[in-house]
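# A look at the structure
These are the residues of each chain, in order.
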Amino acid sequence: MTQAPATTRATRRRHDREIVMLAVPAFGALVAEPLFVMADSAIVGHLGTPQLAGLGVASALLTTAVSVFVFLAYATTAAVARRVGAGDLQAAIRQGMDGIWLALLIGATVIAVVLPSAPALVDVFGASDTAAPYATTYLRISSLGIPAMLVVLAATGVLRGLQNTKTPLYVAITGFVANGALNLGLVYGADLGIAGSAWGTVIAQWGMAAVYLVVVVQGARRHGASLRPDTAGIRASAQAGAPLLVRTLSLRAILLTATAVAARLGDADIAAHQIILSLWSLVAFALDAIAIAGQAIIGRYLGADDPQGARAACRRMVQWGVAVGVVLGLLVIVSRPLFLPLFTSDSTVKDTALPALIMVALSQPICGVVFVLDGVLMGAGDGPYLAGAMLVTLVVFVPVALLVPVFGAGLTALWGAMTLMMTVRMLTLLLRARSGRWVVTGATR
């Protein structure tokens with residue numbers, strides 16, 4: 001049996017160490033984020049069903065408002081990592097400050113829209129007459145934390161670009177603990193009800209943003225980077241993020257289409273779909289952690305004018321994505337009997353979910369390749385291609401998904417369409433990766 005050359009094995013071990021060092025803390029930070037919503041739900045749930053329903057509507061709106069602008073993290077990571085690779089830390093932090101200023105501007109705009117339109121937004125989501133007042137209260141107060149969350153996204157991108165994923169993990173854990181303590185104190189101790197939960201979350205979010213700003217400002221002073229807003233830099237950050245915004249909106253449209261189709265299939269199907277989607281999202285965090293590592297590593301290699309290193313890192317991360325996907329798929333299959341009872345005791349919902357979960361499990365290696373290459377191309381600053389590829393995927397997925405109820409197919413067929421969607425994404429990303437057109441070196445793309 002032929003053994004790999006020692007240099008090849010050493011390179012793989014180096015890549016493995018980098019991936020693990022960046023991906024593991026990133027995974028912890030990703031998992032910590034949804035715990036905010038879970039903690040709020042657990043605390044508000046004891047106030048009553050209308051309050052919990054109101055929280056559910058408001059949280060959906062807030063999550064959408066923040067997730068749409070996730071490009072603040074992705075684009076900033078890639079841009080900062082390139083500067084780091086080029087050895088220009090001053091410019092790297094200056095680039096990050098542009099992203100943070102952009103986050104503040106977007107956050108202020110979102111507040112200006114949400115505050116006066118909160119009742120109308122809640123009504124669009126179909127909140128009941130009893131839940132709507134609570135949803136409006138929570139949405140209006142929590143919107144004040146949106147600029148903080150966007151700053152957190154941008155600052156997280158700065159630190160990831162600097163190859164630092166541990167600080168975001170520590171901040172996320174501290175923020176989660178503070179959020180829980182504040183909510184308990186304000187909801188029950190101060191007897192503020194659902195408004196107390198909203199204020200507790202806002203305070204925790206601004207506390208997290210403050211910590212990030214202190215870290216970034218210290219880095220800026222250490223390397224002589226300006227903290228003042230730069231119009232040209234902010235405009236460049238917005239232009240770099242625009243294609244990723246298109247990508248994110250297209251992906252959001254795919255998920256909303258899938259949920260709408262599941263709702264048309266029947267109550268058992270939509271219930272099972274929501275359970276499966278929650279598991280799918282949880283599993284995605286593990287794969288997204290590798291993608292985050294990819295953004296930072298690839299950006300650094302390209303900034304250092306090392307295309308060979310970037311390609312080698314890409315190959316190794318794809319291998320990681322496939323391997324982790326296989327493991328996650330096996331875990332989904334093994335955990336089915338334990339996972340489903342956590343969410344429902346309805347045998348019809350369980351029977352509906354079981355075959356669809358098999359489809360989810362089988363698709364995980366595909367998902368692994370997709371997430372990794374998505375991160376690689378983001379790290380390369382290849383946003384326009386990612387936007388176009390996601391639009392193609394949307395065009396393929398929507399008609400296939402809409403045909404599921406027309407032909408009387410069930411939830412398994414819908415998740416078959418989701419697997420087709422991920423397969424199309426994988427093919428478009430593989431084509432780009434193999435073309436080598438993403439390999440553009442230099443401190444800027």
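These notes cover the structure that comes with them. From a predicted model like this one, the values you see are computed outputs, not experimental measurements.

Scanning the protein chain for helices and strands turns up 14 helices and zero strands. Counting from the amino terminus, the protein chain carries its helices and strands in the arrangement α-α-α-α-α-α-α-α-α-α-α-α-α-α. At 22 Å, the protein chain has a C-alpha radius of gyration in line with the 22 Å of a compact globule built from 445 residues. On the principal axes, the C-alpha backbone points of the protein chain span a range of 60 × 55 × 35 Å. Taken over 445 residues, the protein chain has a buried fraction of 52%. Considering only contacts in the protein chain between residues 6 or more positions apart, those separated by 24 or more positions represent 83%. Seen as two clouds, the 29 positive and the 19 negative side-chain charges of the protein chain have centres 13 Å apart.

Another point: helix α10 (residues 267–303). Relative to the 54 Å expected for 37 residues at 1.5 Å per residue, α10 spans 51 Å between its end C-alpha atoms, a close match to the ideal helical length. A286 marks where α10 bends most, by close to 30°. Burial analysis of α10 places 29 of its 37 residues in the buried class, the great majority of the element. Where α10 ends, the next residue or the one after it, D305, has phi of about 60°, a positive value.

Time to look at a positive patch on the surface. Where like charges cluster on the molecular surface, the positive patch consists of R9, R13, R14 and R17. Residue position: R17 is located in helix α1 (residues 6–45).

A separate point is the pattern of salt bridges. A side chain of one charge can pair with a side chain of the opposite charge if their charged atoms are brought near each other. For the structure shown, the criterion picks out seven salt bridges. Among the ionic pairs, R247 bridges to D374, the shortest N-O distance being 2.6 Å. Separated by 127 residues along the polypeptide, R247 in helix α9 (residues 231–265) and D374 in helix α12 (residues 347–379) bring together distant segments of the chain. Judged by its relative accessible area of 8%, R247 falls in the buried class.

Our focus in this paragraph is the packing of α9 against α10. In the contact formed by α9 and α10, the axes pass within 7 Å of each other and the chain directions differ by 150°. Considered as vectors, α9 and α10 are oriented roughly antiparallel to each other. On α10, the residues that touch L255, A258, T259, A262, A263 and L265 of α9 are D269, I270, H273, Q274, L277 and W280. Of the residues assigned to the contact of α9 with α10, the class counts are eight nonpolar, three polar and one charged.

Attention now goes to the packing of helix α6 (residues 146–161) against helix α8 (residues 194–223). The description of two packed helices rests on the angle between their axes and on the distance between the axes. Where α6 meets α8, the closest approach of the two axes is 9 Å, and the angle between their N-to-C directions is 35°. Crossing hand, α6 versus α8: left-handed. Where α6 approaches α8, its residues P147, A148, M149, V151, V152, A155, T156, V158 and L159 are matched on the opposing element by Q205, W206, M208, A209, Y212, L213, V215 and V216. Tallied by class, residues from the contact of α6 with α8 come to 15 nonpolar, two polar and no charged.

Within the secondary structure, W199 is located in helix α8. For W199, a relative accessible area of 37% translates into the label partly exposed. Setting aside anything within four residues of it in sequence, one finds W199 in contact with I141, L144 and L186.

This brings us to the side chain of S197. Relative to the helices and strands, S197 is located in helix α8. For S197, the side chain forms a polar contact with the side chain of N183, separated by 3.5 Å. With residues near it in sequence (within four places) discarded, S197 still touches D40, V44, Y138, N183 and V187.

Take the nonpolar core next. One finds L72, L150, W280, I298, W415 and W438 to be the most contacted residues of the largest nonpolar core, which totals 130 residues. In terms of residue count, the dominant contributor to this core is α10 (20 residues). In contact with W438, not counting residues within four places along its chain, are I298, L302, A310, R311, C314, V376, L377, A380, D382, R432, A433 and R445.

Cut-offs used in this document
Residues numbered from 1 in each chain as written. Predicted model: local features only at pLDDT ≥ 70, side-chain atom pairs only at ≥ 80, totals over all residues. Heavy atoms only, no water. Helix = DSSP H or I, 4+ residues; strand = E, 2+ residues; numbered from the N terminus. Rg over C-alpha atoms; globule rule 2.2 N^0.38 Å. Buried < 20%, exposed > 50% of the residue type's maximum accessible area, 1.4 Å probe, protein only. Contact = heavy atoms within 4.5 Å. Lys, Arg positive; Asp, Glu negative; His and termini not counted. Charge placed at Lys NZ, Arg CZ, Asp CG, Glu CD. Expected span 1.5 Å × (residues − 1). Bend = angle between axes of the 7 residues up to and from the residue. Patch = residues over 30% accessible without salt bridge, like charges linked within 9 Å, V, L, I, M, F, W, Y side chains within 5 Å. Areas by Shrake-Rupley, 256 points an atom, 1.4 Å probe, with all protein chains shown as cover. Salt bridge = Lys/Arg side-chain N within 4 Å of Asp/Glu carboxyl O. Axes fitted to C-alpha atoms, helices over the stretch in contact; angles between N-to-C directions. Parallel < 35°, antiparallel > 145°, perpendicular 65-115°, else oblique. Nonpolar A, V, L, I, M, F, W, Y, C, P; charged D, E, K, R; others polar. Left-handed = near helix turned anticlockwise from the far one by under 90°. Polar contact = N/O pair within 3.5 Å; in protein donor to acceptor, adjacent residues only side chain to side chain. Core = buried A, V, L, I, M, F, W, Y, C linked by side-chain atoms within 4.5 Å.

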